[in-house]
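# Remarks on the overall topology
Read off the chains here:
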Amino acid sequence: MKQRIALLGSTGSIGRQTLDIVRENPDLFEIRTLSAHSNWEELARQAVAFDADSAVIADERHYDALRRALDGTSVKAYAGEEALRQVAGESQNDVVVNALVGYAGLRPTEAAILAGKKVALANKETLVAGGCRIMPLAAARKVPIVPIDSEHSAILQCLVGEQSPVRRLIITCSGGAFRDRPREELEHATVEEALRHPQWRMGAKITIDSATLVNKGFEVIEAHWLFGIPADRIAVVLHPQSIVHSMVEFRDGAIKAQLGEADMRTPIAYALGFPRRLEREVAPFSFADHPTLTFAEVDRVKYPALDIAYDCLRRGGTAGCTMNGANEVAVAAFLGHRCGYPAIVRCIEQVLSRASFSANPSFDDLAAADREARQLAAEYLNL
Ligand code: NDP
Ligand code: MG
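For the structure given in this document, a descriptive report is provided here. (Residues numbered from 1 in each chain as written. Chains lettered and ligands numbered in written order. Predicted model: local features only at pLDDT ≥ 70, side-chain atom pairs only at ≥ 80, totals over all residues. Heavy atoms only, no water.)

### So, a nonpolar patch on the surface
Note the threshold: The patches described consist of residues with a relative accessible area above 30% and no salt bridge, like charges being joined within 9 Å and nonpolar side chains (Val, Leu, Ile, Met, Phe, Trp, Tyr) within 5 Å. Methods summary: accessible areas were calculated by the Shrake-Rupley approach with a probe of 1.4 Å, and residue burial reflects only the protein chains presented. Only one rule defines a salt bridge in this text: a Lys or Arg side-chain nitrogen within 4 Å of an Asp or Glu carboxyl oxygen. Here a strand is any run of E in DSSP of at least two residues, a helix any run of H or I of at least four, and the numbering for each starts at the N terminus. Relative accessibility decides the category of a residue: with a 1.4 Å probe and only protein chains considered, values under 20% of the type maximum give buried, values over 50% give exposed, and everything between is partly exposed.
Together, Leu 259, Phe 287, Leu 293 and Phe 295 line one region of the surface with nonpolar side chains, adding up to about 370 Å² of accessible area. By secondary structure assignment, the location of Leu 293 is in the loop between α11 (265-273) and α12 (305-315). The class of Leu 293 is partly exposed, set by a relative accessible area of 31%.

### Side note on the coordination of the magnesium ion (ligand 2)
For clarity, the threshold we go by: A donor here means an N, O or S atom no more than 2.8 Å from the metal, or no more than 3.2 Å when the metal is Na, K or Ca. Since water is not included, a site may seem to lack partners.
Protein coordination of the magnesium ion (ligand 2) is provided by Asp 149 (OD), Glu 151 (OE) and Glu 219 (OE), with donor distances spanning 2.1 to 2.2 Å. Read from N- to C-terminus, the donor residues coordinating the magnesium ion (ligand 2) fall into the pattern D-x1-E-x67-E. Each member of the pair, Asp 149 as well as Glu 151, carries the same accessibility label: buried.

### Examining the side chain of Thr 109
Stated formally: In the analysis that follows, any N or O atom pair within 3.5 Å is treated as a polar contact, provided that within protein one partner can donate a hydrogen and the other can accept it, and provided that, for residues neighboring in sequence, both atoms belong to side chains.
Here Thr 109 is to be found in helix α5 (residues 106-114). Relative accessible area serves as the criterion here: at 1%, Thr 109 is assigned to the buried category. At 2.8 Å, the side chain of Thr 109 and the side chain of Asn 98 are in polar contact.

### Side note on the packing of aromatic side chains
Heads up, the condition is: Only rings of Phe, Tyr and Trp enter the pairing, Trp through its six-membered ring, and a pair is recorded when the two centres are within 6.5 Å. The plane angle decides the type: under 30 degrees is stacked, over 60 is edge-to-face, the rest tilted.
Within this structure, the stated rule accounts for 4 aromatic pairs. Considering the side-chain rings of Phe 178 and Tyr 341, the 5.1 Å spacing of their centres and the 85° angle between planes classify their relative orientation as edge-to-face. With Phe 178 in the loop between β8 (166-173) and α8 (191-194) and Tyr 341 in the loop between α13 (319-335) and α14 (342-354), this residue pair connects regions lying 163 residues apart in the sequence. Classification of Phe 178 by relative accessible area gives buried; the value is 1%. Taking relative accessible area as the criterion, Tyr 341 reaches 8% and is therefore assigned buried. For the pair Phe 285 and Phe 287, a centre-to-centre distance of 4.8 Å together with 75° between the ring planes defines the contact as edge-to-face. The class of Phe 285 is partly exposed, set by a relative accessible area of 25%. According to the relative accessible area criterion, Phe 287 is exposed, its value standing at 57%. Among the aromatic residues, ring-to-ring pairing joins Phe 178, Phe 334 and Tyr 341 into one connected group.

### Quick notes on the sheet that holds strand β7 (residues 145-147)
Basically, it comes down to this: Pairing between two strands is assigned when DSSP locates at least 2 bridges connecting them. Here the axes come from fitting lines to C-alpha atoms, over the contacting stretch only for helices, and the angles between their N-to-C directions go from 0 to 180 degrees.
Read from one edge to the other, the open sheet built from 7 strands follows the order β4-β3-β2-β1-β5-β6-β7, with strand pairing classed as parallel. The open sheet has two edge strands with one neighbour each: β4 (76-79) and β7. In this sheet, adjacent strand axes meet at a mean angle of 20° when their direction is disregarded. In terms of strand pairing, strand β5 (residues 95-98) meets strand β6 (residues 118-121) through 4 bridges, oriented parallel. Across the sheet, Val 97 pairs through a bridge with Ala 120, a residue of β6.

### With respect to α14
Rules: One fewer than the residue count of a helix, multiplied by 1.5 Å, yields its expected span. Residue contacts follow a heavy-atom distance rule, with two residues in contact if any of their heavy atoms lie within 4.5 Å.
Spanning 13 residues, α14 covers 19 Å between terminal C-alpha atoms, matching the ideal 18 Å at 1.5 Å per step. Taken together, the buried positions of α14 are Pro 342, Ala 343, Ile 344, Val 345, Cys 347, Ile 348, Val 351 and Leu 352. Those residues of α14 hidden inside the fold are in contact with α9 (204-212), α10 (214-227), α12, α13 and α15 (363-380).

### What to know about the pairing of strand β3 (residues 54-57)
Where we set the bar: When the strands point away from the viewer, a crossover counts as right-handed if the route from the first strand across the helix to the second turns clockwise.
What you see with β3 is no split at all: Ser 54 and Val 56 on one side and Ala 55 and Ile 57 on the other are buried throughout. Sheet analysis places strand β2 (residues 29-36) next to β3, joined by 4 bridges and oriented parallel. Directly across from Leu 34, in β3, lies its bridge partner Ala 55. Handedness of the crossover is the feature at issue here: the chain leaves β2, passes through helix α2 (residues 40-49), returns alongside β3, and the resulting connection is right-handed. Where β3 and β4 come together, 4 bridges link them in parallel fashion. Each bridged residue has a counterpart across the sheet, and for Val 56 the counterpart in β4 is Tyr 78. Read as a crossover between parallel neighbours, the route from β3 over helix α3 (residues 63-69) to β4 is right-handed.

### Quick word on unusual backbone geometry
Of note, the amide linkage connecting Phe 274 to Pro 275 takes the cis form, showing an omega dihedral of 5°. For Pro 275, the location among the structural elements is in the loop between α11 and α12. The backbone phi angle of His 337 is positive, close to 60°, even though this residue is not glycine. Tracing the backbone shows His 337 in the loop between α13 and α14. Residue His 337 is classed as exposed on the basis of its relative accessible area, which comes to 56%. Phi at Asn 382 is positive, roughly 55°, even though this residue is not glycine. With respect to the helices and strands, Asn 382 occurs in the segment after α15.

### Thoughts on the pattern of salt bridges
Tallied over the full model, the rule gives 30 salt bridges. Two residues, Arg 45 and Glu 42, come together in a salt bridge whose shortest N-O distance is 2.9 Å. Of this pair, Arg 45 and Glu 42 are both found in helix α2, 3 residues apart, which corresponds to roughly one turn of the helix. Of the residues examined, Arg 45 reaches a relative accessible area of 54% and is grouped as exposed. Across the pair Glu 125 and Lys 205 runs a salt bridge, and its minimum N-O distance is 2.8 Å. In this pair, Glu 125 sits in helix α6 (residues 125-140) while Lys 205 sits in helix α9, placing the two residues 80 residues apart along the sequence. Residue class for Glu 125 comes out buried when judged on its relative accessible area of 6%. On the accessibility criterion, Lys 205 (13% relative accessible area) is buried. Through salt bridges that share partners, Lys 124, Asp 149, Glu 151, Lys 216 and Glu 219 make up one connected network.

Now the structure itself:
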């Protein structure tokens, strides 16, 4: 039987690459639902090409345009956040691929879990903001959450088949766009420079998060929630070549690593096929092309965001949610040329110092923490 997929965020970087995997495997997968935020043209094209049952545009202002574009086809058009949650929990799906960006991904993940659907999760903000609610819910409903993020996919691949507890998770880090630039020269870093990631082509938000290392901090939090390992047993190591996607160290001193070219279709295919591997026509890895793999400590002074994320993980409660909300506002402001690069992390620090804190938040408390963080960030940045 084919796996029926609801793909949330199908017009984005992960979304499009997920469609590549579906296209490669027409006997295994079938698209039921696709979604976008505002790109109704691409959404309509995808929905027709994959013969989807429905398409959801999150920004309701584009509903009419989407409906008109789908006129005369069998694809049903929906709009709004509530519709997104509904299609995530729809009974005909087998799996929900959450490739949304930002806090907007949290409630659709919850809806998928409540409906008992396997979740293939790219939207790390789900776990950064709401891991404390999402993971217990997934455990109670026995719903697998399979990571798409390459580091977490690597860790999962290292853990499969192991029975013994692990000593450490070791998350590799490319270093982002400013890896080779001295700290003193980051004051005036431009948007264009920050968007030039040395290894990966990704959406704008995560590319900026990679430049500040907020992304790596988020991945530490994500790893904690996915694998149940405390902060002091999750390490980050700089690995500029992005060939080792992450590692697990066991109690006997052995370390397992997962390697390969930097291509998100590999972890996407693994998440969709899990626990099996899909067959893909990928050229054999050439060690001759990658003769040197190097590892180094991350400069914690140059990249304060990493320690801020560790602090948030140790504090628990709404701290991660607050960090995420502040970061979303600051990154959007930076991308819109309304604040400088250093203001992103300063904004996060400021907001965390001023925001209220709840140790055991409900989903409503998380929504309130997200709202408060956004408001404080907007005040700090004079938006
Ligand atoms: P993109 O910005 O490329 O795509 C985001 C998708 O979500 C688009 O379909 C967009 O629609 C939609 N979207 C954006 N905002 C909203 C909203 N408020 N409500 C509903 N839908 C929305 O992001 P990426 O694909 O790069 O990233 C997706 C997630 O995967 C992120 O959490 C990221 O951290 C994670 N990730 C990404 C990797 C990558 O290689 N790209 C690697 C590892 C993790 P529209 O096109 O209409 O704007
Ligand atoms: Mg990653």
